[in-house]
Amino acid sequence: MNTQDVFQDKAEKYHRYRWDYAPQAIQTIFNVTGLGAHSVMADVGAGTGIFSRHFAGKVGQLYAIEPNPAMRHFAQETLRDCASCQVMDASAEAIPLSDHSVDLISAAQAIHWFSPEPTRAEFRPTMTNYDNLSLP
């Protein structure tokens, strides 16, 4: 399925009606990862920015990566007031960021859209500490 087109006609409804994330879940991410004002995060498959907005202004740099133009439009609107947020036209399989430039990659509810092996190959060099990654 083409991820650039699948939500093109549904983006507005997705933006308006998609459930938000539990504040406890967001706080747990901060607690477990140690994200803070100097951290760099990439939210891959950011959609309309529902998940990304929880990190906007709380991390040093946030990249909201979304291949679908309509979804990306809403993400730009959602994150427009955050100077440290950049919405990018890209996919999980081809992230336009330098190697070892990101402290955390998130994929809130998008991972099922990714091609597993190309995504893994793309994530590994992008994260600063991928090889030492361990979560409880």
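As a reminder, the structure under discussion sits directly above these lines.
To start, this report covers the structure provided alongside it. (Residues numbered from 1 in each chain as written. Predicted model: local features only at pLDDT ≥ 70, side-chain atom pairs only at ≥ 80, totals over all residues. Heavy atoms only, no water.)

**Here's the deal with the sheet that holds strand E1 (residues 40–44)**
So the rule is basically this: Any two strands between which DSSP finds at least two bridges are classified as paired. Note on conventions: DSSP H or I runs of at least 4 residues are helices, E runs of at least 2 residues are strands, and numbering of each starts at the N terminus. Fitted lines through C-alpha atoms serve as axes, helices being fitted only where they are in contact, and the angles separating the N-to-C directions of these axes extend from 0 to 180 degrees.
Spatial strand order, E3-E2-E1-E4: four strands in an open sheet with parallel pairing. The open sheet has two free edges, formed respectively by strand E3 (85–88) and strand E4 (104–106), since each of these has just one partner strand. On average, each strand axis in the sheet is tilted by 15° relative to the strand beside it, whichever way the strands run. Here E1 runs beside E4; their pairing, made up of three bridges, is parallel. Looking across to E4, one finds that aspartate 43 is bridged to serine 106.

**Describing the side chain of serine 52**
Here is the rule we go by: Here the term buried applies to any residue with accessible area under 20% of the maximum for its type, exposed to any over 50%, and partly exposed to those in between, with areas from a 1.4 Å probe on protein chains only. Two residues form a contact once any of their heavy atoms are found within 4.5 Å.
Its place among the elements puts serine 52 in the loop between E1 and strand E2 (61–65). For serine 52, a relative accessible area of 0% translates into the label buried. What serine 52 contacts, discounting residues up to four positions off in sequence, is Asp43, Ala46, Leu62, Ala64 and Leu79.

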